Amino acid sequence: MTAMERIGFIGLGAMGRPMASNLVRKGFALTVFDVNPAPVQALVAAGAKAAKSVADVVEGADIVFTMLPDSPDVEAVALGEGGIAGAGRDGLLVVDMSTVDPATTDKVAAALGEKGVGFADAPVGRLVMHAERGESLFMVGASGNDFGRIRPLLEAMGTTIHHCGAPGTGIRTKLVNNYIAIAVCQIDAEAFALARAFGLDLATTLDVVNGTTATNGHLKTAWPNKVLVGDTAPGFKIALAHKDMSLGVEAARKAGVPVFAGAAIRECLGLAKGSGDFAGRDFSALLDHVCSLAGLSPPRLKESGPEKK
Ligand code: NAD
């Protein structure tokens, strides 16, 4: 980013408003737009300039951020009537931070590219409270040049910035992240309902599970040393994991606790246990089992390091 670049921000909702506020607070020249006038007024009071339309933002900015609810909103703002593409010009860079369908990201990136407009995707991790404190996490899909251009802006809004690769890799990383973050929430809900049915002490149960790989510490501890480097020797065998999940699911059934995800996972373990030699392999080899079902070669860290820039 050159010192004089002007910034546009479209979409000032729960996340966009505090993120844009951080840009203004840290001295960036900001033009904002939202179909809802209330947050626009709040940003103007903080020092931003109000735009009358999307095209008006584009006219007054060199880099335009979008933080909109869903794929159709991003497509409409980027490519629709009166949208960014119509007003776009060479050198303009659009950075979409919304969580959307990757197909939309690819379509918007390609269509803007035809107009000479650059595109990066930088979806956001963490919550509104982090956005307010300027402590967001960004997963960025951008060319090396564009990443360098937007980095100071992301640093004004967040504390952790990952360059995932080319445009489109940020949003795909976000979907992988949220798949885990949301799925474990359902598992946590089922497990703690079971703990409730068992009459267990909540604080003690929390202490126990926070001290084991029940925190999904697999990804920090076991996986990088086991399946992700091709070591699937047990460890903890898939056959035993199937037995333990069966015990848990059966206990939950007896306690009258519905365990939707747990039951499905027990069946996945059962399938793996009956396939080839998986029964005796480490339970991290579930990854290899899912990959074999999908016709994929299993990912290994030594082969698939971060994309070189
Ligand atoms: P939100 O609904 O609070 O805000 C969206 C804003 O976009 C609203 O102010 C709305 O008026 C505005 N808008 C909609 N259409 C518009 C248009 N055509 N032109 C201009 N403005 C328009 O949503 P949010 O919680 O801020 O989330 C935004 C995105 O970030 C979503 O994709 C969401 O999934 C993602 N996200 C949210 C959180 C969170 O904790 N809320 C965290 C990370 C990522």
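Residues numbered from 1 in each chain as written. Predicted model: local features only at pLDDT ≥ 70, side-chain atom pairs only at ≥ 80, totals over all residues. Heavy atoms only, no water.

Asks: Just to check I follow, could you spell out unusual backbone geometry for this structure?
Replies: Excluding glycine, residues mostly carry a negative phi; peptide bonds, for their part, are mostly trans. For the bond from Pro 234 to Gly 235, the omega torsion is 20°, close enough to zero to count as cis. Mapped onto the elements of the fold, Gly 235 is located in the loop between α11 (222-225) and α12 (238-255). The phi dihedral of Arg 126 falls on the positive side, at around 80°, and the residue is not glycine. Assignment of secondary structure puts Arg 126 in the loop between β7 (124-125) and α7 (128-132). Residue classification places Arg 126 among the partly exposed residues on the basis of a relative accessible area of 38%. If you check the backbone angles, Asn 216 has positive phi at about 65° while not being a glycine. Note on placement: Asn 216 falls in the loop between α10 (202-210) and α11. Given a relative accessible area of 24%, Asn 216 falls into the partly exposed group. (Helix = DSSP H or I, 4+ residues; strand = E, 2+ residues; numbered from the N terminus. Buried < 20%, exposed > 50% of the residue type's maximum accessible area, 1.4 Å probe, protein only.)

Asks: Would you take a moment to explain the nonpolar core for this structure?
Replies: The tendency in soluble globular proteins is for nonpolar side chains to be buried side by side. If you look at the biggest cluster of nonpolar residues, it comprises 34 residues, and the most contacted ones within it are Phe 9, Met 19, Leu 23, Leu 30, Phe 65 and Met 97. Mapped by element, the contributors of at least two residues to this core are β1 (7-10), α1 (16-25), β2 (30-33), α2 (37-46), β4 (63-66), β5 (93-96), β8 (136-141) and α8 (144-157). When residues of this core are assigned to their parent elements, the largest contribution, six residues, is made by α8. Contacts of Leu 23, omitting those with residues within four sequence positions, involve Ile 7, Phe 9, Phe 28, Leu 30, Phe 65, Leu 153, Ala 156 and Met 157. (Core = buried A, V, L, I, M, F, W, Y, C linked by side-chain atoms within 4.5 Å. Contact = heavy atoms within 4.5 Å.)

Asks: Mind showing me how you'd approach the environment of Val 74 here?
Replies: Here Val 74 is to be found in helix α4 (residues 71-79). Sequence separation between Val 74 and Thr 99 is 25 residues, and the spatial gap between their C-alpha atoms is 9.6 Å. The contacts of Val 74, once residues within four sequence positions are left out, are Leu 68, Leu 79, Asp 96, Ser 98, Val 100 and Val 108.

Asks: So what exactly am I meant to see when it comes to the layout of surface pockets here?
Replies: The gaps left among the atoms become clear once a water-sized probe is rolled over them. There is about 370 Å³ of room inside the second largest pocket. In terms of lining residues, the second largest pocket is bounded by 20 residues, among which Gly 11, Gly 13, Met 67, Leu 68 and Pro 69 are the most central. Its residues assigned to classes, the lining of the second largest pocket shows 13 nonpolar, four polar and three charged. (1 Å grid on protein atoms, 1.4 Å probe; cavity = no way out; pocket = protein on both sides within 12 Å on 5 of 7 lines; lining within 4 Å. Points joined across faces, edges and corners; volume = space filled by probe spheres on them. Nonpolar A, V, L, I, M, F, W, Y, C, P; charged D, E, K, R; others polar.)

Asks: So what exactly am I meant to see when it comes to the site of the ligand here?
Replies: Near the ligand you find 21 residues, and of these Ala 14, Met 15, Asp 34, Pro 69 and Thr 99 are the closest. Interatomic distance of 3.4 Å between a backbone N/O atom of Gly 13 and an oxygen atom of the ligand. Here the ligand loses 72% of its free accessible area of 840 Å² to cover by the protein chains. (Near = heavy atom within 4 Å. Polar contact = N/O pair within 3.5 Å; in protein donor to acceptor, adjacent residues only side chain to side chain. Areas by Shrake-Rupley, 256 points an atom, 1.4 Å probe, with all protein chains shown as cover.)

Asks: Any chance you could explain the side chain of His 242 here in plain terms?
Replies: Assignment of secondary structure puts His 242 in helix α12. If near-sequence neighbours (up to four positions away) are discounted, His 242 is found in contact with Arg 266, Leu 269, Gly 270 and Lys 273.

Asks: It is not clear to me how the confidence of the model for the chain should be interpreted in this structure. Could you clarify?
Replies: Parts of the model with low pLDDT should not have their predicted coordinates read in detail. Residues with a pLDDT of 70 or more make up 97% of the chain, whose mean pLDDT is 93. In this model residues 305-309 is a low-confidence stretch, pLDDT under 50, and it forms four contacts with partners more than four residues away in sequence or in other chains. (pLDDT = per-residue confidence, 0-100.)

Asks: I'm lost on the domain arrangement of the chain in this one. Help?
Replies: You'll often see interface size given as the accessible area lost when the parts meet. Domain boundaries assigned for the chain yield domain 1 (7-167) and domain 2 (173-308). Using only C-alpha atoms to locate each centre, domain 1 and domain 2 end up separated by 36 Å. Domain 1 puts 10 residues into the contact, and the matching count from domain 2 is four residues. Approximately 550 Å² of surface area, both sides summed, lies buried where domain 1 meets domain 2, with 71% of it carried by carbon and sulfur atoms. Among the residues domain 1 hides against domain 2, the three largest losses belong to Thr 99, Met 139 and Cys 164. Together they make up 56% of the total. Linking domain 1 with domain 2 are zero salt bridges, by the criterion used here. Taken together, the connections running from domain 1 to domain 2 amount to one residue pair in polar contact (both at pLDDT 80 or more). (Domains from an automatic or database assignment. Buried area = accessible area lost by both parts, 1.4 Å probe. Salt bridge = Lys/Arg side-chain N within 4 Å of Asp/Glu carboxyl O.)

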